[in-house]
Amino acid sequence: MQLPDVGSGGAVPPPRRARIVLAEITRQDTRAERTRAELAQQTQIGEALVRGLVRAQLALALRLSLVVAIGLGGLPWLFAIAPSLGRTTVAGVNLPWLLLGVASFPFLIAVGWAYVRLAERNEQDFIDLVQRPER
């Protein structure tokens with residue numbers, strides 16, 4: 001690049017400007033942005049959405065707690081109602097010991113796995129609701 005000759009008295013043309021666009025900003029998703037802002041600012045609508053998610057998670061936890069309470073808590077009742085079943089032995093070990101001491105752990109792992117899967121589904125439904133575009 002040559003520098004212009006200042007002594008010649010000629011006018012120097014201004015440098016050519018280039019337009020640089022770093023990002024295109026679009027306003028297509030205004031409803032989702034508004035909902036996200038309501039969540040972030042903790043408005044009444046945002047609080048209602050979060051309360052709905054918490055309520056869904058609580059209902060899921062209570063339902064699965066009921067399954068565990070009936071599944072594990074019902075076994076002693078079953079053995080009290082049918083004492084002959086409580087005296088049954090399998091491979092030299094009493095059936096109540098096998099069910100409560102051994103079989104309960106896979107049952108609890110399965111219920112825990114189901115809880116995580118269903119809780120993540122609730123959260124994904126919440127995210128889909130928040131990010132849903134305006135129709």
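Predicted model only: the values in this text are computed from it and were never measured.

So, about the packing of helix α2 (residues 44-81) against helix α4 (residues 95-131). Running from N to C, α2 and α4 point in directions that differ by 165°, and their axes come no closer than 10 Å. Here α2 lies roughly antiparallel to α4, going by the angle between them. Seen from above, α2 lies across α4 with right-handed handedness. Split into classes, the residues belonging to the contact of α2 with α4 amount to 25 nonpolar, four polar and one charged.

Over its 37 residues, α4 extends 52 Å from the first C-alpha to the last, a length consistent with the 54 Å expected when each residue adds 1.5 Å. Along its length, α4 reaches its greatest deviation from straightness, about 45°, at S104, and the proline P106 lies no more than four positions downstream.

Here we take up α2. Given a rise of 1.5 Å per residue, 38 residues ought to cover 56 Å, and the 52 Å separating the end C-alpha atoms of α2 matches this to within 8%. At G74, α2 shows its maximal kink, close to 35°; a proline, P76, follows between one and four residues later. Inspection of α2 places G46, L53, Q57, L60, L64, L75 and F79 among the buried residues, and these make up the whole buried set.

A separate point is the side chain of N122. On the secondary structure map, N122 appears in helix α4. Residue contacts for N122: discarding those within four places in its chain leaves L53, A56, Q57 and L60.

Next up on the list: unusual backbone geometry. In this structure, A91 takes a positive phi of about 55° despite not being glycine. When you line up the elements, A91 lands in the loop between β1 (89-90) and β2 (93-94).

What counts as what
Residues numbered from 1 in each chain as written. Predicted model: local features only at pLDDT ≥ 70, side-chain atom pairs only at ≥ 80, totals over all residues. Heavy atoms only, no water. Axes fitted to C-alpha atoms, helices over the stretch in contact; angles between N-to-C directions. Helix = DSSP H or I, 4+ residues; strand = E, 2+ residues; numbered from the N terminus. Parallel < 35°, antiparallel > 145°, perpendicular 65-115°, else oblique. Left-handed = near helix turned anticlockwise from the far one by under 90°. Nonpolar A, V, L, I, M, F, W, Y, C, P; charged D, E, K, R; others polar. Expected span 1.5 Å × (residues − 1). Bend = angle between axes of the 7 residues up to and from the residue. Buried < 20%, exposed > 50% of the residue type's maximum accessible area, 1.4 Å probe, protein only. Contact = heavy atoms within 4.5 Å.

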